[in-house]
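Given next are the chains, with one letter for each unit.
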Amino acid sequence: MKTAITILAVFFVIGFLVAIGTLVFGFGSFSESLPKGEGGIYEFKDGSFKQLPGSAGLKVRDFLFSKANDNVIYAGTAGDGIWVSKDSGETFQKAQDKILQGRVDIYDIEEDVSGNLYSSIYSYQNDRGSLVFSSYPPESSAEIYFSSIPKFGVFGSSVDGASISIISSDGGFYRSINNGRSWELRSRQNEGLLKMESYKGSKYILTSGNKLLETSDFGKTWRDISPKEGGGSAKIKIFALDKATGAVAVLSDKIFFSQNGGASWREINLLVPPGDLPIISVATFPSNSNIIYAASGKILYKSNDGGSSWSIFEIPTTSNITALFADPQKPSSLFISTQ
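Structural notes, computed from the coordinates.

Here we look at the overall build of the protein chain
Within the protein chain, the regular secondary structure consists of two helices and 30 strands. The 339 residues of the protein chain split such that 53% are buried.

Now the structure itself:
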């Protein structure tokens, strides 16, 4: 009897998580996320905007500025795979790899010291999330992890030598210590894990429950480091990590900033009251976390003094800003995704 109850409980949990994958993460809308000819990638530099050639219609979810290969930038898109620039973002071309070229959502791209890529993807063709390994250049790829349950996504990875960590919409934190040949489930949350960033051995993870968690033992134990707001924890929408200093900026209805890994937070003042003009993205300047960017609609905000004062710029397009990406190798540049 106990065995039957246990089996029913397992199937109930799986069914519940599948519902989360469909409703919360919006996999049903994937077919609508292919380029429509609007939007694209802009570079913001010296107070002006420049649309990058050939980027119209692309909605970028992630940028990777290669450390192993000079002038190489990867753009992971919604529904259109990975695009590659070999000239510091002047031009982009779609990766010709079979896996990455198809109808694929790219959520995260990481790189090892040799320039190999680890891409967290959702494949429309296979109806599942996976982690894809690609040698440089990305012309020969292979899945080294995939979800056995349809509609579950792999939303982020972290590479530490031969150790690879991934997060999934099933709430699992998985780790491999042999380059992806086998995997260990380190722990599972009761909510999906959406984004992961790393700094000096710590992993910072955003959950579908709008919490910011931190682990320093590869997902075995966790701390909720979400800033406090109104007697409870702030509902985190997105966060940005400065990988040079470890400073963290999080976005709820307000922007909060921490320079000590989430041990303490301070609220950053914007030019408009919280909630009046919803901020949809935030980024910190590489190696100088006093320079902060934020975006709302077609407006880009920039602060040079840690949020004490702001300058305002309007992007010259009918599309709205969807994400901001600061280039650590071009400290005067900011890349902007629009749609």
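Quick look at the sheet that holds strand E25 (residues 281-285)
As a general point, the strands of a sheet are linked pairwise by backbone hydrogen bonds and lie either parallel or antiparallel. Overall, antiparallel pairing links the four strands, which are arranged E25-E26-E27-E28 in an open sheet. Each edge of the sheet is formed by a strand with only one pairing partner; in this case those strands are E25 and strand E28 (311-314). Sheet twist, expressed as the mean angle between neighbouring strand axes with direction ignored, is 20°.

Details of unusual backbone geometry
Even without being a glycine, Asp 46 presents a positive backbone phi close to 55°. Locating Asp 46 in the fold gives a position in the loop between strand E1 (40-45) and strand E2 (48-51). Given a relative accessible area of 69%, Asp 46 falls into the exposed group. In the Ramachandran plot, Lys 200 falls in the positive-phi region, its phi being about 50° despite a non-glycine side chain. Relative to the elements of secondary structure, Lys 200 occurs in the loop between strand E15 (193-199) and strand E16 (202-207). Note on Lys 200: relative accessible area 73%, which makes it exposed.

Details of the side chain of Ser 158
Of note, Ser 158 is situated in strand E11 (residues 154-160). On the accessibility criterion, Ser 158 (4% relative accessible area) is buried. Only 2.8 Å separates the side chain of Ser 158 from the side chain of Ser 198, close enough to count as a polar contact. With residues up to four places along the chain from it excluded, the contact list for Ser 158 reads Ser 163, Ile 164, Ser 165, Met 196, Ser 198 and Lys 203.

Some points on the pairing of strand E5 (residues 82-85)
The two faces of E5 match: Ile 82 and Val 84 on one face and Trp 83 and Ser 85 on the other face are all buried. In terms of strand pairing, strand E4 (residues 73-77) meets E5 through four bridges, oriented antiparallel. In the sheet register, Tyr 74 faces E5, and the bridge partner there is Val 84. Sheet topology places E5 next to strand E6 (residues 93-94); two bridges connect them, and they run antiparallel. Residue pairing across strands places Val 84 opposite Gln 93, the latter belonging to E6.

Things to note about the nonpolar core
Core analysis: the biggest nonpolar cluster contains 15 residues, and Tyr 293, Leu 300, Leu 324, Leu 334 and Ile 336 have the highest contact counts within it. Of all the elements in the fold, those that place two or more residues in this core are E1, E25, strand E26 (288-296), strand E29 (321-326) and strand E30 (333-338). Ignoring any residue separated from it by four or fewer positions in sequence, one finds Ile 336 in contact with Gly 40, Ile 41, Tyr 42, Phe 44, Phe 49, Leu 300, Ile 315, Ile 321, Ala 323 and Leu 324.

With respect to the pairing of E16
Each regular strand carries side chains that alternate between the two faces of the sheet. Along E16, six of the six residues are buried, which leaves the element largely enclosed by surrounding structure. Covered by surrounding structure in E16 are Ser 202, Tyr 204 and Leu 206 together with Lys 203, Ile 205 and Thr 207, the residues of both alternating faces. With six bridges joining them, E15 and E16 adopt antiparallel strand pairing. Each residue of the ladder has a partner; that of Ser 198, found in E16, is Lys 203. Taking the residues that link successive antiparallel strands as the turn, the E15-E16 hairpin has two residues, and the phi of Lys 200 there is positive, at about 50°. Bridge analysis of E16 against strand E17 (residues 212-215) gives four bridges, and the strand direction is antiparallel.

What counts and how
- Residues numbered from 1 in each chain as written.
- Predicted model: local features only at pLDDT ≥ 70, side-chain atom pairs only at ≥ 80, totals over all residues.
- Heavy atoms only, no water.
- Helix = DSSP H or I, 4+ residues; strand = E, 2+ residues; numbered from the N terminus.
- Buried < 20%, exposed > 50% of the residue type's maximum accessible area, 1.4 Å probe, protein only.
- Pairing = 2+ DSSP bridges.
- Axes fitted to C-alpha atoms, helices over the stretch in contact; angles between N-to-C directions.
- Polar contact = N/O pair within 3.5 Å; in protein donor to acceptor, adjacent residues only side chain to side chain.
- Contact = heavy atoms within 4.5 Å.
- Core = buried A, V, L, I, M, F, W, Y, C linked by side-chain atoms within 4.5 Å.

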